[in-house]
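Residue-level structure breakdown
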Amino acid sequence: MDMMIRLGILGTGAMARYYAKLFAGLNPVMVGRQDGSYALSQGREKTIVTPRFLTWTQAHPSMFDLVLLAVKWPAMPLVQAFLQEASPNLLVISLMNGMGQEETLIPPLSSDQLMVGITTTAVTLYYDEEIGLPAARVTAVGSAVLPLLPHPLVPFFQQQLHELGLSESWKFLSSDALYQERWVKLIQNSIINPLTALTHSTNGDLPQTHLWTLSRPLLQEAREVSQALGVALPPNLASRVLQLCQKTSANKSSMLQDIEHHRMTEIDAINGYIVRQAHELKLKAPTHEALIQLIHAMENPDS
Ligand SMILES: NC(=O)c1ccc[n+]([C@@H]2O[C@H](COP(=O)([O-])OP(=O)(O)OC[C@H]3O[C@@H](n4cnc5c(N)ncnc54)[C@H](OP(=O)(O)O)[C@@H]3O)[C@@H](O)[C@H]2O)c1
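None of these values were measured; they are calculated from a predicted model. Every chain begins its residue count from 1, and numbering advances along the sequence as written. For this predicted model, a pLDDT threshold of at least 70 governs which residues receive local features, and a threshold of 80 or more governs which side-chain atom pairs are given and counted, while totals over whole chains, interfaces and linings are taken from all residues. With hydrogens and water stripped out, all remaining heavy atoms of the structure feed into the side-chain values.

Time to look at the sheet that holds strand β12 (residues 144–147). One bridge is not enough; two strands pair if DSSP finds at least two bridges between them. Helix and strand labels come from DSSP, where a helix needs a run of H or I of at least four residues and a strand needs a run of E of at least two; each type is numbered from the N terminus. Read from one edge to the other, the open sheet built from 3 strands follows the order β9-β12-β13, with strand pairing classed as mixed. For this open sheet the edge positions go to β9 (118–119) and β13 (170–173), each flanked by a neighbour on one side alone. In this sheet, β13 lies alongside β12 in parallel orientation, the contact comprising 4 bridges. Each residue of the ladder has a partner; that of valine 145, found in β13, is lysine 171.

See below:
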């Protein structure tokens, strides 16, 4: 098929800015609340990007073949409403943190239309004083992994990735193998994100804080839930979490950044997902529940 995929990117934040630059060759449309140019820094390179833009009400799913979700979880009701009129031809990709995308978006989508994957790329928002523009900095260039779904657009997307030189960094795995990877990432996030937010520490400093002792029960509770769901987790997960803190030592987790900027966090889609699954399975996850309450109290300091 000789066609250019019509790409829509939902959101205008850090990841959306990164994707709009990465897929500039597809002339994507950003959908959100903030129009305008921005700077994207990666290493020594700085590019000014001015993507096409539509508000949530101006955009319609029929304008796109492929939609990339790049919002934080508090925007999910908007995404859900936006996708109400999606045709079965639309393919939607989420590389958001947390879990529960399927529960939120199927329906309106069918299971063949929603590719939920993970990314190890890290991007931070900032304001570029030098050029006077909102900006995003790529702090780690990682890879994206997506499930190989039987949707007819997938081979064309793979072809486009190839043409854009991205087939090494955008990989495909069977849904089952990816589901296990998603759980590993969920558990890592459920430990590192709230604990760094509560201690105001970088990822590297977290293992030296008193609250790090909670990493054990957090891991244990999450492990019981995932095991009950039949997910085989790697046995060395505790050391992998520690290694991740060391490997990303200078990073401020997204939850810490959200708290610092008085924004809502994604705790309900991370630890909240584990707690909801625990309850359905008649299991307990009291440490996760306690952290959710503490983070909510930090989100609303005046209440
Ligand atoms: N940044 C990273 O390094 C990274 C890495 C891996 C995964 N992720 C995941 O990728 C997703 C996007 O992250 P991000 O870093 O790009 O977040 P971000 O920079 O905070 O951007 C979030 C986007 O969501 C929109 N949004 C948030 N709440 C909203 C609401 N209530 N109503 C309407 N729009 C709302 C924001 O709009 P406004 O700007 O108008 O508020 C913005 O466009 C998250 O799930 C995150 O966990 C991020």
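Anyway, onward from the coordinates.
Another point: the pattern of salt bridges. The working definition used for a salt bridge is a side-chain nitrogen of Lys or Arg within 4 Å of a carboxyl oxygen of Asp or Glu. Under the defined criterion, the tally for this structure stands at 7 salt bridges. For aspartate 65, the salt bridge goes to arginine 6, with nearest N and O atoms at 3.2 Å. In this pair, aspartate 65 sits in the loop between β5 (52–55) and β6 (66–69) while arginine 6 sits in the segment before β1 (7–10), placing the two residues 59 residues apart along the sequence. Looking at aspartate 65, the relative accessible area reads 17%, which means it is buried. Through salt bridges with shared partners, a single ionic network connects Lys46, Asp128 and Glu130. Working definition: with a 1.4 Å probe on protein chains only, accessible area under 20% of the residue-type maximum means buried, over 50% means exposed, and in between means partly exposed.

What follows covers the side chain of glutamate 266. Inspection of the secondary structure puts glutamate 266 in the loop between α8 (254–260) and α9 (271–280). Counted as positive: Lys and Arg. Counted as negative: Asp and Glu, with His and the chain ends omitted from the count. Buried and without a salt bridge, glutamate 266 has lysine 72 as its closest oppositely charged side chain, separated by 5.3 Å. Polar contact criterion, stated in full: a pair of N or O atoms within 3.5 Å, where within protein one must be able to donate a hydrogen and the other to accept it, and residues adjacent in sequence count only if both atoms are side-chain atoms. Side-chain polar atoms of glutamate 266 contact the backbone nitrogen of tryptophan 73, separated by 3.1 Å.

With respect to spatial proximity, 22 residues lie near the ligand, and among them Thr12, Arg33, Gln34, Val123 and Glu266 are the closest. In this structure, alanine 14 approaches the ligand through a main-chain N or O atom, which is 2.8 Å from an oxygen atom. Within the backbone of methionine 15, one N or O atom sits 2.8 Å away from an oxygen atom of the ligand. Elements represented by at least two residues in the shell around the ligand include exactly α1 (14–22) and β10 (122–128). Residue proximity to a molecule or strand is established when one non-hydrogen atom of the residue lies within 4 Å of it.

The next point concerns helix α5 (residues 175–199). Helix length check: α5, at 25 residues, gives a terminal C-alpha distance of 35 Å against a target of 36 Å (1.5 Å per residue), a fit within 8%. Downstream of α5 by one or two residues, histidine 200 has phi in the positive range, about 50 degrees. By this rule, a helix spans an expected 1.5 Å times one less than how many residues it contains.

We now examine helix α6 (residues 215–228). The terminal C-alpha atoms of α6, which comprises 14 residues, lie 20 Å apart, in line with the 20 Å expected from a rise of 1.5 Å per residue. Whether two residues are in contact is decided by their heavy atoms, any of which lying within 4.5 Å being enough. Next to the buried residues of α6 lie α5, α7 (237–247), α9 and α10 (286–299). Just beyond α6, the residue with positive phi is glycine 230, at close to 85 degrees.

Taken domain by domain, the protein consists of domain 1 (7–173) and domain 2 (177–299). With centres defined by C-alpha atoms, the gap from domain 1 to domain 2 works out at 24 Å. Every contact between the two is made by 22 residues of domain 1 and, on the other side, 21 residues of domain 2. Computed with a 1.4 Å rolling probe, the buried area is the accessible surface lost when two parts are put together, summed over both parts. Note on domain 1 versus domain 2: buried area summed over both sides is about 1800 Å², and carbon and sulfur give 60% of it. Across the domain 1-domain 2 interface, the total number found is 2 salt bridges. In this structure, arginine 182 engages glutamate 102 in a salt bridge whose closest nitrogen and oxygen atoms are separated by 2.9 Å. Among the secondary structure elements, those contributing two or more residues to the side of domain 1 that touches domain 2 are α3 (101–105), β9, β10 and β12. For the side of domain 1 that touches domain 2, the class distribution of residues is 12 nonpolar, 7 polar and 3 charged. By convention here, the domain bounds are inherited from an automatic or database domain assignment. Lys, Arg, Asp and Glu make up the charged group, whereas Ala, Val, Leu, Ile, Met, Phe, Trp, Tyr, Cys and Pro make up the nonpolar group; the residues left over, Gly among them, are polar.

The next subject is the pairing of β1. A regular strand places its side chains so that they alternate between the two faces of the sheet. Covered by surrounding structure in β1 are Leu7 and Ile9 together with Gly8 and Leu10, the residues of both alternating faces. Of the strand pairs in this sheet, β1 and β6 are connected by 4 bridges, and their pairing is parallel. Note that in β6 the partner of isoleucine 9 across the bridge is leucine 68. Across 3 bridges, the pairing between β1 and strand β2 (residues 29–32) is parallel.

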